[in-house]
Amino acid sequence: MPPSDWAAIIRHHLSQKSRITALTGAGISAESGIPTFRGSEGYWTVGSRAYHPQEMATRAMFHRRPEDVWQWYLHRATVCHRATPNPGHKAIAAMENLFGDRFTLITQNVDGLHQRAGSQAHQTYPIHGNIFQVRCAAACRPELEPLPMDLVGRAKERSLTAAERALLTCRHCGEWLRPHVLWFDETYNETYFRFHSSLAAAAQTGLLLIVGTSGATNLPNQVAWTVLQNGGTIIDINPTPNPFSELALRTPGGAFIPQPSGHFLPELLLVMQQGLTAPSHP
Ligand SMILES: [Zn+2]
């Protein structure tokens, strides 16, 4: 599709004052060097056995081997902490500035890069949690707390020390703290993962930008279908075709942009900025 076509769609939505939602996944953070969680980089060795991420990232595994699961998450938090937001993350934060409360970010990424790029908590729905937050594993109270940064940057293979275990213990009840992430054997909820808020935002969305995700999980699919059923436009930005690119082409003015988000989103932002400042024509 020539660039002028998607730019015209963007200008149409600007003139309509449409609500805009961005739905992001692992692809945008892969451009910052964070390995895809579901890929081979996600494997973790405990003793002589290599565990698949879908075995490690479970409540069942945490119950059996909390220290191993924590070592894995602290390694992942270290990788995320060393990464930096890329032009795609920054463009999304700039869109939030541009559109104010007409803009919502729904992200599957737990790496905190959107937040570090400037996306604000009240307009960001982290539907799979945030690796830099913890909560009591026994749920003695619901509050989230920051992951103590003394635990980040440690050597990958080292066992937890007594001091590290103490930092990972709930000071109210003495049970383990756990990473604030949605595990594969858990379900979405509103309190922690903004499940209903995400669907409510989708129902009002005129323009949905899907960035770097292929729709492998349930809530992102529901968000995309809700936008489609309400007559909204979907633009899918992903280097490779995926189920969302087909869905996008079924929406009015929808487009599939097979480019890295770090290239395309700044270009899209520029069109939005120009569209908002250009004099309107009758
Ligand atoms: Zn507790």
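The sections below set out a description of the structure shown in this document. (Residues numbered from 1 in each chain as written. Predicted model: local features only at pLDDT ≥ 70, side-chain atom pairs only at ≥ 80, totals over all residues. Heavy atoms only, no water.)

Some remarks on the pattern of salt bridges
Part 1 of the reasoning: Tallied over the entire structure, the rule returns nine salt bridges.
Part 2 of the reasoning: Note that arginine 65 and aspartate 68 form a salt bridge whose closest N and O atoms lie 2.9 Å from each other.
Part 3 of the reasoning: In this structure aspartate 68 comes out as buried when scored by relative accessible area, which is 17%.
Part 4 of the reasoning: Of the charged contacts, one joins arginine 165 and glutamate 67 as a salt bridge, the two residues approaching to 3.6 Å between their closest N and O atoms. Of this pair, arginine 165 sits in helix H8 (residues 162-167) while glutamate 67 sits in helix H5 (residues 66-82), and the two are 98 residues apart along the sequence.
Part 5 of the reasoning: Taking the relative accessible area as the measure of exposure, arginine 165 reaches 30% and is therefore partly exposed.
Part 6 of the reasoning: With a relative accessible area of 28%, glutamate 67 lands in the partly exposed category.
Part 7 of the reasoning: The network of salt bridges with common partners includes Arg59, Arg178 and Glu186. (Salt bridge = Lys/Arg side-chain N within 4 Å of Asp/Glu carboxyl O. Buried < 20%, exposed > 50% of the residue type's maximum accessible area, 1.4 Å probe, protein only. Helix = DSSP H or I, 4+ residues; strand = E, 2+ residues; numbered from the N terminus.)

Regarding the packing of helix H6 (residues 87-99) against helix H13 (residues 261-277)
Part 1 of the reasoning: As a packed pair, H6 and H13 sit with axes 7 Å apart at the nearest point and diverge in direction by 20°. Classified by the angle their axes make, H6 and H13 are roughly parallel. Between H6 and H13 lies a crossing whose hand is left-handed. Contacts between H6 and H13 pair Pro87, Gly88, Ala91, Ile92, Ala94, Met95, Leu98 and Phe99 from the former with Ser261, Gly262, Leu265, Pro266, Leu268, Leu269, Met272, Gln273 and Leu276 from the latter.
Part 2 of the reasoning: In the contact of H6 with H13, the residues fall into 13 nonpolar, four polar and no charged. (Axes fitted to C-alpha atoms, helices over the stretch in contact; angles between N-to-C directions. Parallel < 35°, antiparallel > 145°, perpendicular 65-115°, else oblique. Left-handed = near helix turned anticlockwise from the far one by under 90°. Contact = heavy atoms within 4.5 Å. Nonpolar A, V, L, I, M, F, W, Y, C, P; charged D, E, K, R; others polar.)

Comments concerning the environment of tryptophan 6
Part 1 of the reasoning: Note that tryptophan 6 resides in helix H1 (residues 3-15).
Part 2 of the reasoning: The class for tryptophan 6 is buried, based on a relative accessible area of 4%.
Part 3 of the reasoning: Tryptophan 6 sits 248 residues away from glycine 254 along the chain, and the two C-alpha atoms are 8.0 Å apart.

Some details on the pairing of strand S9 (residues 205-211)
Part 1 of the reasoning: Buried residues dominate S9, accounting for seven of its seven residues.
Part 2 of the reasoning: Examined bridge by bridge, strand S1 (residues 19-24) and S9 share six bridges and lie parallel to one another. Its bridge partner lying in S9, leucine 23 is registered against isoleucine 210.
Part 3 of the reasoning: The pairing of S9 with strand S10 (residues 233-237) spans five bridges and is classified as parallel. Bridged to valine 211 within S10 is isoleucine 237.
Part 4 of the reasoning: In this fold, the crossover linking S9 to S10 by way of helix H11 (residues 218-229) has right-handed handedness. (Pairing = 2+ DSSP bridges. Right-handed = clockwise from strand over helix to strand, strands pointing away.)

So, H13
Part 1 of the reasoning: In this model, H13 (17 residues) spans 24 Å end to end at C-alpha, consistent with the 24 Å of a helix rising 1.5 Å per residue.
Part 2 of the reasoning: For H13, every residue scored as buried is listed here: Ser261, Gly262, Phe264, Leu265, Leu268, Leu269, Val271 and Met272. (Expected span 1.5 Å × (residues − 1).)

Quick word on the packing of aromatic side chains
Pairs of aromatic rings are described using the distance from one ring centre to the other and the angle between the two planes.
Part 1 of the reasoning: This model, assessed by the stated rule, comprises six aromatic pairs.
Part 2 of the reasoning: Ring centres of tryptophan 6 and phenylalanine 264 lie 4.7 Å apart, and the angle between their planes is 70°; this geometry places the pair in the edge-to-face category. Here phenylalanine 264 lies in helix H13 and tryptophan 6 lies in helix H1, a separation of 258 residues in the sequence. Of the two residues examined, tryptophan 6 and phenylalanine 264, each falls in the buried class. (Phe/Tyr/Trp six-rings, centres within 6.5 Å; stacked < 30°, edge-to-face > 60°.)

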